[in-house]
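These are the residues of each chain, in order.
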Amino acid sequence: MTELKSMNLEAVRAIEARLLLPTYDRNPVLFERGESVYLFDESGERYLDLLSGIGVNALGYSHPAIESAIASQSRALIHTSNLFFHRGQAELALRLTELTGMDRVFFANTGTEAWEAAMKLARAHAGMLRSEGKTIGTKFLALEQSFHGRTYGSVSTTHKAKYREPFGPVVPGVEFVRFNDVEDLRAKFSSEVCAVLVEAIQGEGGIRPLSQEFFAVARELTESTGALLIVDEIQAGVGRTGKWCAYQHYGISPDITTLAKPLAGGIPLGAMLCTEEVSRAIHPGMHGTTFGGGPLACAVAVAVIDTIESSDLLDHVTEVGDYFQNQLRSLADKHDAIVDVRGKGLMLAAELDSADLAKRTVQEMLKRRILINCTSDTVLRFLPPFILQKEHVDHAITALDEILTENTTKTAVGTAHQTGGQLRG
């Protein structure tokens, strides 16, 4: 058997190519450890992480609060099952309900499982209302460009065909509304709808915030029939936008929300939260999980939340996020290739005018040992740890400036040669 610590990148790639299901097109880097906002590869080279495990590592790497919580809880109790009590779920539920404005919590392992729970609860709630004599159907309205996960219910409410079509038929009863199109929402809403499903800020869809009007109309329509407003905060929640939930920027409360990615700082944990009214539709035995809300994950999540609060990280996220966004806007003033800059807090995007350029920029940033990714083909996505500092932002902006200068100049020169045109001086 090959000794794990002796395997280099090529050995790992060879084993994965032979044994793993090919679900990811990985970057050719073998990471071994992390510290603060940096990852270190097998050669000891340091990478600035502006992706944080796709929005997961809110406190960066090797944070003492997380290390202490893992060590302490692992010595005491890791798993019991949900047939028995442990203190962690109660302690975490107290924090989450206070921070989100919701009344009840269901703990899962992942964001997609939390979303499945939300969809099941919406259908159960509609059934309860029908049993009470109300007229309400089972249909979901989701948004174009949405992304809610990979399991069947989640992928059925995810808009991009590439995620749904290979696994069809998906869960029926889902219709998609044009993003931020109030008239389309009004036209498609009816008493047949049991829930409207949104992300306050679309993540995989390109860091696209809902408009205040669209959000308000969604709330108005659902309240008019008893349908639910469900907000996916899996990527935007737990402080990433400078508030505990992105919907709090709008002053609008949902009936159900879902959390996951940064919740337990890298330990798998998801949560579905709902109002007291909605919780009436669930009773013991209707839904469950073996691992969700285990003692270890809950202990780490409590440590993450307490650290965010004690370190005033929400204010820090707002301050550094505003600085980052302003620097990106300054870069957009300099480079026509940047067609839009958007986002909130440390959930930011720079949209480029070319999918090829976006892909090349991610690759060139990797060569400079800076980690970002591209979503929706043309959108550079930034989801750094909450502990990011302004000097890290400056380093990234300098690299982006160099890359865009080099690559857009080359493109312009090539175009001029092909057409015989002149470049503007």
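Note: the structure precedes this text.
Structural notes, computed from the coordinates. Computed from a prediction, not measured in an experiment: that's the story for all the values here.

## Considering the overall build of the protein chain
Thinking step 1. Counting its regular elements, the protein chain contains 14 helices and 17 strands.
Thinking step 2. Relative to a compact globule of 425 residues, whose C-alpha radius of gyration would be 22 Å, the protein chain shows 23 Å and is just as compact.
Thinking step 3. Projected onto its principal axes, the C-alpha coordinates of the protein chain cover approximately 75 × 55 × 45 Å.
Thinking step 4. Considering only contacts in the protein chain between residues 6 or more positions apart, those separated by 24 or more positions represent 71%.
Thinking step 5. Seen as two clouds, the 41 positive and the 53 negative side-chain charges of the protein chain have centres 3 Å apart.

## Examining helix α4 (residues 87-100)
Thinking step 1. Over its 14 residues, α4 extends 20 Å from the first C-alpha to the last, a length consistent with the 20 Å expected when each residue adds 1.5 Å.
Thinking step 2. What α4 keeps buried is the set Gly88, Leu92, Ala93, Leu96, Thr97, Leu99 and Thr100. Buried residues along α4 cover an arc of 160° about the axis, so they all sit on one side. Exposed side of α4, more than 90 degrees from the buried face: Arg87, Leu94 and Glu98 are the residues found there.
Thinking step 3. Looking at the packing, one finds that the buried side of α4 touches β4 (104-108), β11 (256-259), β12 (270-274) and α11 (295-310).
Thinking step 4. Once α4 finishes, glycine 101 follows within two positions and takes phi at roughly 85°, a positive value.

## What about the packing of aromatic side chains?
Thinking step 1. The full count for this structure, using the stated rule, is four aromatic pairs.
Thinking step 2. Taking 4.8 Å as the distance between ring centres and 70° as the angle between the ring planes, the aromatic pair formed by phenylalanine 215 and tyrosine 250 counts as edge-to-face. Highlighted residues: phenylalanine 215 in helix α9 (residues 212-225) and tyrosine 250 in the loop between β10 (228-232) and β11, separated in sequence by 35 residues.
Thinking step 3. A relative accessible area of 0% means that phenylalanine 215 is categorised as buried.
Thinking step 4. For tyrosine 250, a relative accessible area of 13% gives the class buried.
Thinking step 5. Here phenylalanine 324 and phenylalanine 382 contribute two aromatic rings whose centre-to-centre distance is 5.2 Å and whose plane-to-plane angle is 55°, an arrangement assigned as tilted. With phenylalanine 324 in helix α12 (residues 313-334) and phenylalanine 382 in strand β17 (residues 379-382), the pair connects residues that are 58 residues apart, well separated along the chain.
Thinking step 6. On the basis of relative accessible area, phenylalanine 382 is assigned to the buried category, the value being 0%.

## Description of the sheet that holds β17
Strand pairing in a sheet is mediated by backbone hydrogen bonds. Such pairs are either parallel or antiparallel.
Thinking step 1. A sheet is described by the order of its strands in space; here four strands give the open sequence β13-β14-β17-β16, paired in antiparallel fashion. Both edges of this open sheet fall to β13 (338-344) and β16 (373-375), since each of them pairs with a single strand only. Neighbour-to-neighbour, the strand axes of this sheet turn through a mean angle of 30°, independent of strand direction.
Thinking step 2. Across three bridges, β16 lies against β17 in antiparallel orientation. Residue pairing in the sheet places cysteine 374 in a bridge with leucine 380 of β17.
Thinking step 3. Where α12 meets the sheet, it contacts β13, β14 (347-352) and β17, and its direction lies at approximately 170° from that of β13.

## Focus: the packing of helix α3 (residues 64-76) against α11
Thinking step 1. Between α3 and α11, whose axes approach to 9 Å, the crossing angle comes to 150°. In terms of axis orientation, α3 runs roughly antiparallel to α11. Helix-helix and strand crossings are classified by hand; for α3 and α11 the assignment is right-handed. Contact residues: Ala65, Ile66, Ala69, Ile70, Gln73 and Ser74 in α3; Pro295, Leu296, Ala299, Val300, Ala303, Val304 and Thr307 in α11.
Thinking step 2. Along the lines of polarity and charge, the residues of the contact of α3 with α11 split into 10 nonpolar, three polar and no charged.

## A few points about the packing of α4 against α11
Thinking step 1. For the pair α4 and α11, the least separation of the axes is 9 Å and the interaxial angle reads 35°. Considering only the axes of α4 and α11, their crossing is left-handed. From α4, Gly88, Gln89, Glu91, Leu92, Arg95, Leu96 and Leu99 reach across to α11, where they touch Cys298, Ala301, Val302, Ile305, Asp306 and Glu309.
Thinking step 2. A breakdown of the residues in the contact of α4 with α11 according to their chemical character gives seven nonpolar, two polar and four charged.

## Section: unusual backbone geometry
Thinking step 1. Cis geometry marks the peptide bond from glycine 168 to proline 169; its omega dihedral reads 0°.
Thinking step 2. Mapping proline 169 onto the fold places it in the loop between α7 (161-164) and β6 (174-177).
Thinking step 3. Residue serine 36 is not a glycine yet carries a positive backbone phi of 60°.
Thinking step 4. Within the secondary structure, serine 36 is located in the loop between β1 (31-35) and β2 (38-41).
Thinking step 5. Here the phi dihedral of serine 81 falls at roughly 85°; this positive angle occurs in a residue that is not glycine.
Thinking step 6. With respect to the element layout, serine 81 can be found in the loop between α3 and α4.

## Some details on the sheet that holds strand β3 (residues 46-49)
Thinking step 1. Sheet architecture is open: four strands sit in the order β1-β2-β3-β15, paired in mixed fashion. Each edge of the open sheet carries a strand with a single partner, namely β1 and β15 (370-371).
Thinking step 2. By the bridge criterion, four bridges tie β1 to β2 in an arrangement that is antiparallel. Counterpart to glycine 34 in the pairing with β2 is leucine 39.

Basis of the calculations
Residues numbered from 1 in each chain as written. Predicted model: local features only at pLDDT ≥ 70, side-chain atom pairs only at ≥ 80, totals over all residues. Heavy atoms only, no water. Helix = DSSP H or I, 4+ residues; strand = E, 2+ residues; numbered from the N terminus. Rg over C-alpha atoms; globule rule 2.2 N^0.38 Å. Contact = heavy atoms within 4.5 Å. Lys, Arg positive; Asp, Glu negative; His and termini not counted. Charge placed at Lys NZ, Arg CZ, Asp CG, Glu CD. Expected span 1.5 Å × (residues − 1). Buried < 20%, exposed > 50% of the residue type's maximum accessible area, 1.4 Å probe, protein only. Arc of directions from axis to C-beta. Phe/Tyr/Trp six-rings, centres within 6.5 Å; stacked < 30°, edge-to-face > 60°. Pairing = 2+ DSSP bridges. Axes fitted to C-alpha atoms, helices over the stretch in contact; angles between N-to-C directions. Parallel < 35°, antiparallel > 145°, perpendicular 65-115°, else oblique. Left-handed = near helix turned anticlockwise from the far one by under 90°. Nonpolar A, V, L, I, M, F, W, Y, C, P; charged D, E, K, R; others polar.

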